[in-house]
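Working through the structure, step by step
Residue strings, one per chain:
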Protein chains: 2
Amino acid sequence: MTKEIINIGVIGLGIRGRFLMNTLLEIDNANIFALCDPIGERLEQAATDVVSKTGKKPLIFADFNELLSVKEIDAVLVCTTWITHCKIAIAAMKAGKHVGMEVGGAASIEECWQLVRVTEETGKKFMLLENCCYADNELALFNMERKGLFGELIHLQGGYEHDLREEIVLGKENKHGRLYNFLNRNGDLYPTHQLGPIAKMLRINRGNRFLMLTSMASKSRGLHEWILENKGKDYYLANKTFEQGDIVTTMIKCAHGETVLLLHGVSLPRPYSRDGRIQGTKGIWLEDGNTIYLHGISPYNIQTCHEDPHQWENFDNYRKTYRHPLWLEYEKKGIKEGHGGIDYLVLSAFADCIIKDIEPPIDVYDTAVWMSITCLSEQSVAMGSMPVPVPDFTSGSWINRPELKPSKYSLDEVHEDLFI
Amino acid sequence: MTKEIINIGVIGLGIRGRFLMNTLLEIDNANIFALCDPIGERLEQAATDVVSKTGKKPLIFADFNELLSVKEIDAVLVCTTWITHCKIAIAAMKAGKHVGMEVGGAASIEECWQLVRVTEETGKKFMLLENCCYADNELALFNMERKGLFGELIHLQGGYEHDLREEIVLGKENKHGRLYNFLNRNGDLYPTHQLGPIAKMLRINRGNRFLMLTSMASKSRGLHEWILENKGKDYYLANKTFEQGDIVTTMIKCAHGETVLLLHGVSLPRPYSRDGRIQGTKGIWLEDGNTIYLHGISPYNIQTCHEDPHQWENFDNYRKTYRHPLWLEYEKKGIKEGHGGIDYLVLSAFADCIIKDIEPPIDVYDTAVWMSITCLSEQSVAMGSMPVPVPDFTSGSWINRPELKPSKYSLDEVHEDLFI
């Protein structure tokens, strides 16, 4: 591809779509060519935004198929409800568009396979816009792990845990799709923010893979209690049963014996945490408490009876010392808005991989397996925590898929090998 | 029983047995009448200790059966290796002795049943000496939970996680039984320190019960690496395979829909933690980080875009405010040595429940189900994380087992209702 600037269509203009659309305005080589949302009001507001910031009026569509038929569009961002991500992405690639897809979980294994096959058949670029993979903290930890500071990886942990009760319950008013998922489903509905960085660290799909998992869901109380407290017993959802358990726990086993523990809990009052833990033969990092212990580096006092000689250290200094080169440069050039700057990085990588015709750093195999955890956890919960196998979406190529040689990181280019 | 002072035989004089024996010397109504250990040196040293502190020479035995035949002995403490706890406890009750048993996991479900049946048949007092149930922190949290501060319980978590590599590897030299467990078994080998307080909080066996669990073990690397680093490749264990995974994760489902997450990891370098988490509909406490958030109490800032309004608080003030009455009194009277004072409390309760002829606060049904988690987790790991049912050792009586009315707590008497 020789184009210097790519024309992008943004499909889905809810809170997240608007957010990404605005971040896209910061990307030099991206041009917002068209917008799409079935809700007219959203569409008009978003178009007005673009005009006021760029002076150019984008095309607008209520139907994504119409947007996909516009020849000038090179790529689309899919920012719709969770259960429509895959089908729109698939239609877009079939229509010859590259796809940047927002995160979410899969509803079926089959839609993950279709995503993989259509990407392979069309040769279009497909990238999951998993912004947390680009986070300052996550990349510093990734950097530390690749330098061997944790030793051999043994156990990793992550969660998506905060209080989304109001956002979920007001789904109908706010036209947000989460509500219907919580009413009807029961599993780890949103695994990728924590699982993405974990999977990259574990080299999943490049010499390692997720073998199987088992999930357990707690009872469901949080949303119902919130409704009674804030909306009263006559609210239209007050007598509805939310099938989604307040806390869903998932254990995943990897081909090389590592274990991954995931927690999902967004319907109880609590501060935000991704509940991170990285543990290897040489040390451990914990997000909660912001602490780290590294063998041979962290303080180890001479042992007295029943006093622990191992001393936690605050992680802040390590974060500074091992900051990823990409972030060092990013800070110098000025960090953009959007979840602490990570939206810019992930969108920038997406645009770049189209322009330079290279593999996306978060590809369709990553996407398929990360998203599949949602429906697999639903299956396991439904069957009383039975273990279920995780499909190998590379059909065996994970065994000897090449590890690219890491490049010199620069903000001016995408890094297909960023997570290698 | 009308005796004011009970004669106790201590069986097993390894590190833990010596420790408890010394704590027993602090208990006014307990008299160390006999000691037992097959290792002569240990036995002599322990006896010398008792003589030097009390002026009275205890009887000494190499064979526990001989000790059990001594008529004057009212009760025994069983502090032997994990896999001999139950058989000695059973023999002791059959010989007419009350039993205080050290913690550990069960090797079979059948030995748990036998423990239950023999206790029922003999009518002897049986108590698990789970000291962590008596910890200052745990009792303060218990107090808070019973006052409703966490709302309805949803998800509890606990771990046994520290660096025991040296202790395990040097098992043969130090005559410690752990080594053989780590060479041969794979499961949550030591669940009760964290599970005891959790089970009490969840009213297990009194209106609630553990239904089933599933466990997953990581690969095993920590002990082998420690040996190579500290003992060299010619050490007799350098080529041995340790079957025990470095991290074993277990999920337990309760009858009322609560989930319990347990972690076991003692073969990697890290500071000590019991990895506690209590989460209900009104709040959450985390041991790591020493933080708490309580709905309507902890700070909640007005929400700005993507800033979390929920603010963690340090737990220290809550620990002071909600300190358990037992500990308030204990501090006034002077806290005894032994794991921060908890060994004294648990032994004191054991002695008291014999003297006053009341039910032990940690009874044989508690013991059986807590210990059973070990062999059940081994079964689940062996079967690829298959869910396995947890037996109901009360044979149905958990459904309407009476909740005793809490008494006014005092150090001078045992509290059979302490954990109600």
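Calculation notes
- Residues numbered from 1 in each chain as written.
- Chains lettered and ligands numbered in written order.
- Predicted model: local features only at pLDDT ≥ 70, side-chain atom pairs only at ≥ 80, totals over all residues.
- Heavy atoms only, no water.
- Helix = DSSP H or I, 4+ residues; strand = E, 2+ residues; numbered from the N terminus.
- Rg over C-alpha atoms; globule rule 2.2 N^0.38 Å.
- Contact = heavy atoms within 4.5 Å.
- Areas by Shrake-Rupley, 256 points an atom, 1.4 Å probe, with all protein chains shown as cover.
- Lys, Arg positive; Asp, Glu negative; His and termini not counted.
- Charge placed at Lys NZ, Arg CZ, Asp CG, Glu CD.
- Buried < 20%, exposed > 50% of the residue type's maximum accessible area, 1.4 Å probe, protein only.
- pLDDT = per-residue confidence, 0-100.
- Least-squares fit on C-alpha atoms with pLDDT ≥ 70 in both.
- Axes fitted to C-alpha atoms, helices over the stretch in contact; angles between N-to-C directions.
- Parallel < 35°, antiparallel > 145°, perpendicular 65-115°, else oblique.
- Left-handed = near helix turned anticlockwise from the far one by under 90°.
- Nonpolar A, V, L, I, M, F, W, Y, C, P; charged D, E, K, R; others polar.
- Buried area = accessible area lost by both parts, 1.4 Å probe.
- Salt bridge = Lys/Arg side-chain N within 4 Å of Asp/Glu carboxyl O.
- 1 Å grid on protein atoms, 1.4 Å probe; cavity = no way out; pocket = protein on both sides within 12 Å on 5 of 7 lines; lining within 4 Å.
- Points joined across faces, edges and corners; volume = space filled by probe spheres on them.
- Domains from an automatic or database assignment.
- Polar contact = N/O pair within 3.5 Å; in protein donor to acceptor, adjacent residues only side chain to side chain.

1. Let's talk about the overall build of chain A
Counting its secondary structure elements, chain A contains 15 helices and 15 strands. In summary, chain A has a C-alpha radius of gyration of 22 Å against a globular reference of 22 Å for 420 residues, a match within 12%. For chain A, the share of sequence-separated contacts (at least 6 apart) that also reach a separation of at least 24 residues comes to 74%. Carbon and sulfur atoms form 51% of the exposed surface of chain A, whose accessible area is close to 15700 Å². For chain A, the centre of its 45 positive side-chain charges and the centre of its 56 negative side-chain charges are spaced 2 Å apart.

2. Side note on the environment of Ile373(A)
Residues and elements named next belong to chain A. In this fold, isoleucine 373 is placed in helix α15 (residues 364-382). For isoleucine 373, a relative accessible area of 0% translates into the label buried. For the pair isoleucine 373 and leucine 213, spaced 160 residues apart in the sequence, the C-alpha separation amounts to 8.2 Å. Contacts of isoleucine 373, omitting those with residues within four sequence positions, involve Pro191, Leu195, Phe210, Leu213, Ile252, Leu262 and Val390.

3. Observations concerning the confidence of the model for chain A
Of all residues in chain A, 97% attain a pLDDT of 70 or more, and the chain-wide mean is 94. Interface predicted TM-score (ipTM) for the complex: 0.95; the corresponding pTM is 0.96.

4. Quick notes on the environment of Phe210(B)
With respect to the element layout, Phe210(B) can be found in strand β8 (residues 210-217). Note: C-alpha distance between Phe210(B) and Tyr322(B) (112 residues apart in sequence) is 28 Å.

5. Concerning the relation of the copies chain A and chain B
The operation relating the pair of chain copies consists of a rotation about an axis and a translation along that axis. Each copy superposes on the other: chain A lies on chain B with an RMSD of 0.0 Å after a rotation of 180 degrees and an axial shift of 0.0 Å. Those values place the two copies in the arrangement expected of a two-fold rotation axis. Considering only C-alpha atoms, the residue of chain A closest to the rotation axis is Gly289(A), which sits at 1.9 Å. Most of the interface of chain A is mirrored in chain B: 100% of its interface residues are interface residues there too.

6. Concerning the packing of helix α6 (residues 136-146) of chain B against helix α10 (residues 192-201) of chain B
All names here are of chain B. As a packed pair, α6 and α10 sit with axes 10 Å apart at the nearest point and diverge in direction by 20 degrees. Taken as axis vectors, α6 and α10 run roughly parallel relative to one another. Our pair here, α6 against α10, has a crossing hand that is right-handed. The residues of α10 that touch α6, namely those facing Glu138, Leu141, Phe142, Glu145 and Arg146, are Pro197, Lys200 and Met201. Among the residues forming the contact of α6 with α10, the class breakdown is four nonpolar, no polar and four charged.

7. Quick word on the interface of chain A and chain B
Contacts between the two partners involve 61 residues from chain A and, on the opposite side, 61 residues from chain B. Together chain A and chain B conceal approximately 5000 Å² of surface at their shared face, both sides included; 60% is due to carbon and sulfur atoms. Counting the surface chain A buries against chain B, the share from its top three residues, Met216(A), Lys219(A) and Met251(A), is 13%. Connecting chain A to chain B are 14 salt bridges.

8. Concerning empty space enclosed by the protein
All names here are of chain B. For the structure on display, the rule yields eight cavities of 30 Å³ or more. Estimated volume of the largest cavity: approximately 220 Å³. Considering the residues around the largest cavity, the lining is formed by 21 residues, among which Glu138, Gln194, Pro197, Ile198 and Trp285 are closest to the centre. Among the residues forming the lining of the largest cavity, the class breakdown is eleven nonpolar, five polar and five charged.

9. Description of the domain arrangement of chain A
All names here are of chain A. According to the domain assignment, chain A consists of domain 1 (6-130) and domain 2 (133-334 + 360-400). Computed over C-alpha atoms only, the centres of domain 1 and domain 2 are separated by 26 Å. With 25 residues of domain 1 in contact, the opposing surface of domain 2 contributes 34 residues. At the boundary of domain 1 with domain 2, total buried surface from both sides reaches about 2500 Å², with 70% on carbon and sulfur atoms. Together, Trp82, Ile109 and Glu130 form the three largest contributors to the area buried by domain 1 at its contact with domain 2, with a combined 29%. Joining domain 1 to domain 2, the criterion identifies zero salt bridges. For the interface between domain 1 and domain 2, the tally reads eleven residue pairs in polar contact (both at pLDDT 80 or more).

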